[in-house]
Amino acid sequence: MKIVLLGAPGSGKGTLAGKLVDELNIPTISTGDLLRKTAASGTEFGNKIKETMASGGLVSTETVLEMLKARLGESDTKNGYILDGFPRTIEQAQLLENIADIDACLYLDVDKDVIVDRLSGRITCRDCGKIYNSKTYKETTCECGGELYVRDDDKPEAIAIRFETYEKNTKPLIKYYQDKGILKTVKGMDDPMDTFKNAIDALDCAQKEN
Ligand code: ADP
Ligand code: ZN
């Protein structure tokens, strides 16, 4: 099964993806994670990506697509995958159609005030990408032992721009996938387990319909 996860920054896509991986036995491919790895490479190219990401804007589709194609060519994707962070524009969705048959788009629907509250306080593991909130997680390292840090784009100025970017470029994808008949809206809940259950319900009906 090939799934696209759609939702505002901070809507909980990464957390939901982590739970779906265990349930469905397919990997999550996060273009944000792939880009952060390249950004950390110390090359001139990496630094350019890092700058764009820190600003809250979008990295060029060409760059992201190239990385994505390489990742989709790895053997663990043969039974499907969950895409987190791609597509982010209509153009990217159209390009994706050339390389993948998407079965379902899960749209994670969360109120904006909840999201802003979550993003301020978000800490991320440098090694495995797991996300915590400093208000509730008091350890200094991830459970994998990795270092926790505040992403540049989780700083307040960048959060505002990421929202604008989302509203303008990514939100139109809700209608795009609705028109394709594969949109499944998942209500995001306070408890990640409840969100996960909603997602499983939504996917069950996706499988029946196909
Ligand atoms: P979030 O979903 O919380 O905004 P991500 O980790 O998905 O965070 O993405 C972080 C940043 O990486 C984005 O703000 C953007 O700069 C870049 N990025 C990720 N995916 C894409 C994409 N598909 N196209 C362009 N830029 C991307
Ligand atoms: Zn970790």
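Nothing here was measured: the structure is a model prediction, and the numbers come from that model.

Asker: Mind showing me how you'd approach the overall build of the chain here?
Answerer: Per the secondary structure count, the chain includes 9 helices and 8 strands. A compact globule built from 210 residues would reach a C-alpha radius of gyration of about 17 Å, and the chain, at 16 Å, matches this within 12%. Overall, the chain is about 45 × 35 × 35 Å in size when its C-alpha atoms are taken along their principal axes. Burial status across the chain gives 45% buried among its 210 residues. In the form shown here, the chain has an accessible surface area of approximately 11,100 Å², with 48% of it arising from carbon and sulfur atoms. Each charge class in the chain can be summarised by its mean position, and for the 29 positive and 35 negative side chains these summaries are 1 Å apart.

Asker: Is there a simple way to think about the side chain of Thr89 in this case?
Answerer: Residue placement: Thr89 occurs in the loop between β3 (81-84) and α5 (90-99). For Thr89, a relative accessible area of 13% corresponds to the buried category. Among the polar contacts listed, one links the side chain of Thr89 to the backbone nitrogen of Gln92, at a separation of 3.0 Å. Discounting chain neighbours no more than four positions away, the residues touching Thr89 are Leu58, Asn169 and Leu173.

Asker: Sorry if this is basic, but what is going on with helix α1 (residues 13-24) here?
Answerer: An α-helical segment advances 3.6 residues per turn. Residues three or four places apart therefore align on the same side. Taking 1.5 Å of rise per residue, 12 residues should cover 16 Å, and α1 covers 16 Å from first to last C-alpha, within 8% of that figure. Listed in full, the buried residues belonging to α1 are Lys13, Leu16, Ala17 and Leu20. End-on view of α1: buried residues confined to an arc of 100 degrees, all on one side of the axis. At the C-terminal side of α1, Asn25 shows a positive phi close to 60 degrees.

Asker: I'm lost on the pattern of salt bridges in this one. Help?
Answerer: Pairing of side chains with opposite charge becomes possible as their charged atoms draw close. Summed over the entire model, instances satisfying the criterion amount to 16 salt bridges. Ionic pairing is found between Glu143 and Lys130, a salt bridge with its closest N-O pair at 3.4 Å. Placement of Glu143 in the loop between β6 (131-133) and β7 (148-149) and of Lys130 in the loop between β5 (122-125) and β6 is noted, with a sequence separation of 13 residues between them. The partly exposed category is assigned to Lys130, whose relative accessible area is 34%. One salt bridge in this structure joins Asp153 and Arg151, with 3.0 Å as the shortest N-O distance. The class for Asp153 is buried, based on a relative accessible area of 9%. Of the residues examined, Arg151 reaches a relative accessible area of 9% and is grouped as buried. Via salt bridges that share partners, Arg122, Arg151, Asp153, Asp154 and Arg162 belong to a single interconnected network.

Asker: What exactly am I supposed to notice about the pairing of strand β4 (residues 104-109) here?
Answerer: Along a regular strand, successive side chains alternate from one face of the sheet to the other. For β4, the tally of buried residues reaches 5 of 6 residues, placing the bulk of the element in the interior. Where strand β1 (residues 2-7) lies against β4, 5 bridges are found, and the strand directions are parallel. When the sheet's bridge partners are listed, Val4 is paired in β4 with Cys105. With 5 bridges joining them, β4 and strand β8 (residues 183-187) adopt parallel strand pairing. Paired with Leu106 across the bridge in β8 is Lys184.

Asker: Looking at this structure, how should I read the coordination of the zinc ion (ligand 2)?
Answerer: Coordination angles at a metal have ideal targets, namely 109.5 degrees for four tetrahedral donors and 90 or 180 degrees for six octahedral donors. Distances from the zinc ion (ligand 2) to its protein donors, namely Cys125 (SG), Cys128 (SG), Cys142 (SG) and Cys144 (SG), fall within the range 2.3 to 2.4 Å. Note that the zinc ion (ligand 2) binds 4 donor atoms; their angles at the metal cover 105 to 118 degrees, and the shape is tetrahedral. If you list the donors of the zinc ion (ligand 2) from N- to C-terminus, the spacing comes out as C-x2-C-x13-C-x1-C. Remark: Cys142 occurs in the loop between β6 and β7 and Cys128 occurs in the loop between β5 and β6; sequence separation between them is 14 residues. Classification of Cys128 by relative accessible area gives partly exposed; the value is 44%.

Asker: What exactly am I supposed to notice about the sheet that holds β7 here?
Answerer: Sheets are built from strands paired through backbone hydrogen bonds, the pairs being either parallel or antiparallel. Ordered in space as β6-β5-β7, the 3 strands form an open sheet in which the pairing is antiparallel. In the strand order of this sheet, the two ends are held by β6 and β7, each with one partner. Pairing geometry for β5 and β6, over 3 bridges, is antiparallel. Its bridge partner being in β6, Ile123 is matched across the sheet by Tyr132.

Cut-offs used in this document
Residues numbered from 1 in each chain as written. Chains lettered and ligands numbered in written order. Predicted model: local features only at pLDDT ≥ 70, side-chain atom pairs only at ≥ 80, totals over all residues. Heavy atoms only, no water. Helix = DSSP H or I, 4+ residues; strand = E, 2+ residues; numbered from the N terminus. Rg over C-alpha atoms; globule rule 2.2 N^0.38 Å. Buried < 20%, exposed > 50% of the residue type's maximum accessible area, 1.4 Å probe, protein only. Areas by Shrake-Rupley, 256 points an atom, 1.4 Å probe, with all protein chains shown as cover. Lys, Arg positive; Asp, Glu negative; His and termini not counted. Charge placed at Lys NZ, Arg CZ, Asp CG, Glu CD. Polar contact = N/O pair within 3.5 Å; in protein donor to acceptor, adjacent residues only side chain to side chain. Contact = heavy atoms within 4.5 Å. Expected span 1.5 Å × (residues − 1). Arc of directions from axis to C-beta. Salt bridge = Lys/Arg side-chain N within 4 Å of Asp/Glu carboxyl O. Pairing = 2+ DSSP bridges. Donors = N, O, S within 2.8 Å, 3.2 Å for Na, K, Ca; no water. Tetrahedral: all angles 85-135°; square planar, octahedral: opposite > 155°, others 65-115°.

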